[in-house]
Amino acid sequence: MLTLRLLGVLVIVAVLSVLIFGMMHLIPGDLVRNLLGLRPASPETIAAIREQYRLDDPIWLQYLNWLGNALQGDLGTSIRYQVPVADAIASRIPLTSMLAVMAMLIAAVTAIPLGVIAARRHQSAIDQALTGFSVIGLSAPAFVVSLLLLYVFAYYLPIFPVYGGGTDFGSRVYHLVLPSIALAVGLAAILMRLTRAAMIESLASDYVTFARSRGLSELTVLGLALRNSSIPIITAAGLVFTYVIGGTILVETAFALPGLGLMLQDAVLFKDIALVQALVLLIAVVIALITVAIDLTYAVIDPRVRRGRRAS
């Protein structure tokens, strides 16, 4: 089963590599002009650049050349940054990873308890208030929340920095507080609503009625219901985590954070094909591996899934 899923990931990556490579060639713009900028260039200089990057080769030959090098571990050189693509990406991974993890932690720590409270107080004023806040969170785009947080907590009340990613671990956490909150608002709204729906169904189940009739405390009953609701909650958490990876582009742009999202934006605008190709495939692999990890988590949480897999 796991082997089939990993083979599926390889097929998805292969198809995406062809699509992204072809789409990058359809984007308007001249790579040579991007490299030269406003500097005058002779025809010999332009011809030398086109030969260096093999721009006169047919697209399929350029793709096969990239694929052959990629299979040997060489992702090429970034035209935008003039460094190997692997080095350019490696230098940005820590910041973006930290931003995504902090956003996910903030969303999980706030949304799951609030979802449980809303389900426990179903159809009460608290439930309606929390549901209303979740609708606002779902409706607010990440870049709007980013600008609002910047104005209030970085400009009007100068508590947090306006931009930058920090230097050491402590300052980096400090710089990423506002971006993480901006990214977590939408995630928390989705996670809270899904937790609420799963808990309402669990709390209406017969085993919860039986547990209460046996005199178990309400905290114990909620723990049982939350455990049985964990599969849809974990599935939702995995899906929204994939949203985090895409959402970092907007948030990093708003806060001028030197992460992978801002790098991808620059690479697309500069038509840096090798860098875009590597970044998109990296994101695709991370998302695919997250879905595989979610499937494996089912067996850990639910004994029925383990027994079903052993029987099959």
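Residues numbered from 1 in each chain as written. Predicted model: local features only at pLDDT ≥ 70, side-chain atom pairs only at ≥ 80, totals over all residues. Heavy atoms only, no water.

1. Considerations on the overall build of the protein
Counting secondary structure elements, the protein contains 15 helices and 0 strands. A principal-axis box enclosing the C-alpha atoms of the protein has dimensions of 85 × 60 × 35 Å. Buried residues in the protein amount to 38% of all 312 residues. A fraction of 72% describes how many contacts in the protein between residues 6 or more apart in sequence connect residues 24 or more apart. Total accessible area computed for the protein in this model is approximately 17200 Å², and 70% of it derives from carbon and sulfur atoms. Put simply, the protein has 21 plus and 17 minus side-chain charges, and the middle of one group is 13 Å from the middle of the other. (Helix = DSSP H or I, 4+ residues; strand = E, 2+ residues; numbered from the N terminus. Buried < 20%, exposed > 50% of the residue type's maximum accessible area, 1.4 Å probe, protein only. Contact = heavy atoms within 4.5 Å. Areas by Shrake-Rupley, 256 points an atom, 1.4 Å probe, with all protein chains shown as cover. Lys, Arg positive; Asp, Glu negative; His and termini not counted. Charge placed at Lys NZ, Arg CZ, Asp CG, Glu CD.)

2. Focus: the nonpolar core
One finds Leu-176, Leu-183, Val-244, Phe-255 and Leu-257 to be the most contacted residues of the largest nonpolar core, which totals 31 residues. Where this core is concerned, the elements lending two or more residues are α5 (85–120), α7 (142–156), α9 (177–203) and α12 (230–255). It is α5 that provides the largest number of residues to this core, a total of 10 residues. Core analysis: the second largest hydrophobic core is formed by 25 residues, Val-13, Trp-66, Ile-273 and Val-280 among them. (Core = buried A, V, L, I, M, F, W, Y, C linked by side-chain atoms within 4.5 Å.)

3. Quick notes on helix α6 (residues 125–139)
Between its first and last C-alpha, α6 extends 21 Å over 15 residues, near the 21 Å set by a 1.5 Å rise per residue. Buried residues belonging to α6 abut α5 and α9. (Expected span 1.5 Å × (residues − 1).)

4. A few points about the packing of α5 against α6
Interhelical geometry of α5 versus α6 gives an angle of 140° and a closest axis separation of 8 Å. On the basis of their axis angle, the class for α5 and α6 is oblique. As for the relative orientation of α5 and α6, their crossing is left-handed in sense. Counted together, Leu-114, Ile-117 and Ala-118 of α5 and Ile-126, Asp-127 and Leu-130 of α6 form the full contact between these two elements. Per-class residue counts for the contact of α5 with α6 are 5 nonpolar, no polar and 1 charged. (Axes fitted to C-alpha atoms, helices over the stretch in contact; angles between N-to-C directions. Parallel < 35°, antiparallel > 145°, perpendicular 65-115°, else oblique. Left-handed = near helix turned anticlockwise from the far one by under 90°. Nonpolar A, V, L, I, M, F, W, Y, C, P; charged D, E, K, R; others polar.)

5. Focus on a nonpolar patch on the surface
A cluster of nonpolar residues, Tyr-151, Phe-153, Tyr-155, Tyr-156, Leu-157 and Ile-159, forms a patch on the protein surface that exposes about 680 Å² of accessible area. Here Leu-157 is to be found in the loop between α7 and α8 (169–175). (Patch = residues over 30% accessible without salt bridge, like charges linked within 9 Å, V, L, I, M, F, W, Y side chains within 5 Å. Salt bridge = Lys/Arg side-chain N within 4 Å of Asp/Glu carboxyl O.)

6. Some words on the pattern of salt bridges
Applying the stated rule across the entire model yields 3 salt bridges. Arg-120 serves as the salt-bridge partner of Glu-218, at 3.0 Å between the closest nitrogen and oxygen. You can see Glu-218 sitting in helix α11 (residues 218–228) and its partner Arg-120 sitting in helix α5, a full 98 residues away along the chain. Here Arg-196 ties to Asp-127 by a salt bridge, and the two come within 2.7 Å at their closest N and O atoms. Taken together, the positions of Arg-196 in helix α9 and Asp-127 in helix α6 put the pair 69 residues apart, joining distant regions of the chain. You can call Asp-127 buried: its relative accessible area is 3%.

7. What to know about the environment of Pro-94
Counting through the fold element by element, Pro-94 comes out in helix α5. Since its relative accessible area comes to 43%, Pro-94 is described here as partly exposed.

8. Section: α5
Along its 36 residues, α5 runs 51 Å from first to last C-alpha, staying within 8% of the 52 Å computed at 1.5 Å per residue. Largest kink in α5: about 40°, centred on Ile-93, with the proline Pro-94 one to four residues after it. (Bend = angle between axes of the 7 residues up to and from the residue.)

9. Let's talk about the packing of α9 against α11
It is at 9 Å that the axes of α9 and α11 come closest, and there the two elements cross at 120°. Of the possible angle classes, the one that applies to α9 and α11 is oblique. Pair α9 / α11 crosses with right-handed handedness. Side by side, α9 and α11 meet where Met-199, Ser-202 and Leu-203 of the first sit next to Leu-222, Ala-225, Leu-226 and Asn-228 of the second. Along the lines of polarity and charge, the residues of the contact of α9 with α11 split into 5 nonpolar, 2 polar and no charged.

10. Focus: unusual backbone geometry
Non-glycine residue Gln-82 carries a positive phi angle of around 55°. Positionally, Gln-82 belongs in the loop between α4 (59–71) and α5. Taking relative accessible area as the criterion, Gln-82 reaches 47% and is therefore assigned partly exposed. Backbone geometry places Gln-123, a non-glycine residue, at a positive phi of 65°. Topologically, Gln-123 is positioned in the loop between α5 and α6.

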